[in-house]
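Understanding the architecture of this molecule
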Amino acid sequence: MRLALGVSYNGQAYQGWQSQLSRQTVQDQLEMALSKLASHRVSTLCAGRTDAGVHGLMQVIHFDTPLDRAPNSWVRGTNAFLPRDIAVEWAKPVPPEFHCRASALSRRYAYILLESPVRPSVDAGQVGWTFKPLEQVAMQQAASHLLGEHDFSSFRASACQALSPVKMLQRLDISRHGACWRFEFEANAFLHHMIRNIMGCLIAVGQGKKPPEWLKEVLLARNRDVAAPTFSPHGLYFLGPRYAPHWGLPDRTPSFDRLP
């Protein structure tokens, strides 16, 4: 049986998604819990890896198992072995041809940014922060230069392992909710640090340090050195992938409703 799971997590305590020798990653915690429940070693694949400090609202993973259990049994049983900041939201049997990464049509992220003269406290580690006011129209004008299929080398980390820097950015929406800004991204795939590097540039434009047209210059330069520094991971949330309807997988979880 091949199972797909939707997983949510607070990334503050973890060194990212991908397994490491330290075992202090979300994947390591999830695989240990699944292996205890299944009584056999479970190896998982994910729809999109996240960095240290980045949160997940609906990471989708899949794995194969000889066990035949009800989906709710996998949800409740696995959560019993997980730390309190990681939870399986849903489980669903899928055909053997389903692949959580290859079957994804797109991937979605949101960045939540607090605009305040005082640093975050209650929501520390869960939002980014700027103490300078931002101009929404300027950021939206800048963001429009990034939509479509482009070479995003200027926003690519040096350690990025992607085979190609060319990605299709389908959506970049910017909205304000009280003191919080929400930046929502959707693309066929993302490069390592791509969103955090774009965020650094958008904030530079929003603060008036750069004009909106500067982002087009950065994009066309295909040179990481011309862009703004990488922004904080704290406000970044992986909203999960989108799949074709015939797979029958959820599009969101209750965790989505907590974001501005």
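Before any of the text, the structure's been laid out above.
Presented here is a report on the structure given in the accompanying data block.

Scoring rules and cut-offs
- Residues numbered from 1 in each chain as written.
- Predicted model: local features only at pLDDT ≥ 70, side-chain atom pairs only at ≥ 80, totals over all residues.
- Heavy atoms only, no water.
- Axes fitted to C-alpha atoms, helices over the stretch in contact; angles between N-to-C directions.
- Helix = DSSP H or I, 4+ residues; strand = E, 2+ residues; numbered from the N terminus.
- Left-handed = near helix turned anticlockwise from the far one by under 90°.
- Contact = heavy atoms within 4.5 Å.
- Nonpolar A, V, L, I, M, F, W, Y, C, P; charged D, E, K, R; others polar.
- Buried < 20%, exposed > 50% of the residue type's maximum accessible area, 1.4 Å probe, protein only.
- Arc of directions from axis to C-beta.
- Polar contact = N/O pair within 3.5 Å; in protein donor to acceptor, adjacent residues only side chain to side chain.
- Salt bridge = Lys/Arg side-chain N within 4 Å of Asp/Glu carboxyl O.

Another point: the packing of helix α1 (residues 26-38) against helix α2 (residues 71-81). A pair of packed helices can be characterised by two numbers: the angle between their axes and the separation between those axes. At a minimum axis separation of 8 Å, α1 and α2 run at an interaxial angle of 115 degrees. Where α1 crosses over α2, the handedness of that crossing is right-handed. Between α1 and α2, the contacting residues are Leu 30, Ala 33, Leu 34, Lys 36, Leu 37 and Ala 38 on the first element and Ser 73, Trp 74, Gly 77, Thr 78 and Phe 81 on the second. Taken together, the residues of the contact of α1 with α2 break down into seven nonpolar, three polar and one charged.

Buried within helix α3 (residues 136-144) we find Ala 138, Met 139, Ala 142 and Ala 143. Along the axis of α3, the buried positions cluster into a sector of 135 degrees, meaning they face one direction only. The inward-facing, buried residues of α3 abut β8 (166-177), β9 (180-187), α4 (194-206) and α5 (214-221). The backbone nitrogen of Val 137 has a side-chain oxygen 3.2 Å away, supplied by the residue at the start of α3, namely Glu 135.

Before going further, it helps to spend a moment on α5. Those residues of α5 that fall on the buried side of the exposure criterion are Trp 214, Leu 215, Val 218 and Leu 219. Taken end-on, α5 shows its buried residues confined to a sector of 140 degrees, consistent with a single buried face. Seen from the buried face of α5, the exposed residues on the opposite side, beyond 90 degrees, are Glu 217 and Leu 220. Buried residues in α5 make contact with α3, β7 (148-151) and α4. Within two residues after α5, Arg 222 carries a phi angle of roughly 50 degrees, on the positive side.

Inspection of every chain in the model, using the stated rule, returns 13 salt bridges. Asp 251 is paired through a salt bridge with Arg 108; the nearest N and O atoms lie 3.7 Å apart. Of this pair, Asp 251 sits in the segment after β10 (236-242) while Arg 108 sits in strand β5 (residues 106-115), and the two are 143 residues apart along the sequence. The exposure class of Asp 251 is partly exposed, given its relative accessible area of 37%. We note a salt bridge from Asp 257 to Arg 252, for which the minimum N-O separation is 2.6 Å.

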